[in-house]
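Chains, contacts and geometry: an overview
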Amino acid sequence: MKRIILTVLCAAVLLVAACEKKGPMERAGEKLDEAGRTLKNGGEKTPADKVNDAATDVKKDVEKATDDLKK
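Now for a description of the structure that goes with this document.

Conventions adopted
- Residues numbered from 1 in each chain as written.
- Predicted model: local features only at pLDDT ≥ 70, side-chain atom pairs only at ≥ 80, totals over all residues.
- Heavy atoms only, no water.
- Helix = DSSP H or I, 4+ residues; strand = E, 2+ residues; numbered from the N terminus.
- Buried < 20%, exposed > 50% of the residue type's maximum accessible area, 1.4 Å probe, protein only.
- Areas by Shrake-Rupley, 256 points an atom, 1.4 Å probe, with all protein chains shown as cover.
- Salt bridge = Lys/Arg side-chain N within 4 Å of Asp/Glu carboxyl O.

This next bit is on the overall build of the protein chain. The number of helices and strands found in the protein chain is 3 helices and 0 strands. Secondary structure of the protein chain in N-to-C order comes out as α-α-α. Across the 71 residues of the protein chain, 13% fall into the buried class. Surface summary for the protein chain: the accessible area is close to 6,200 Å², and the carbon and sulfur share equals 64%.

See below:
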């Protein structure tokens, strides 16, 4: 079980390390795009936006975990 967890964690670390950080203008543009889709969808987030939000939360958690491991 520990081997599986370690393998998944290592894969996540490599995935995060390969990603480039987005600039503030790109993040702002994505938020505007999401807001526009939400308004167009009658005030409800689209399923794609919900998935993207969840993926962003996971990415932040993995980044925090890798930072904690470095300490």
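Back to the write-up after that little detour.
Next up on the list: the pattern of salt bridges. Taken as a whole, this structure holds 4 salt bridges when the rule is applied. A salt bridge links Asp49 to Arg37; the nearest nitrogen and oxygen atoms lie 2.7 Å apart. Taken together, the residues span a long stretch of sequence, with Asp49 in helix α3 (residues 47-70) and Arg37 in helix α2 (residues 24-40) at a distance of 12 residues. On the basis of relative accessibility, which here comes to 2%, the residue Asp49 falls in the buried class. Among the residues examined, Arg37 registers a relative accessible area of 35% and is labelled partly exposed. It is possible to trace a salt-bridge network through shared partners that takes in Glu34, Lys45 and Asp53.

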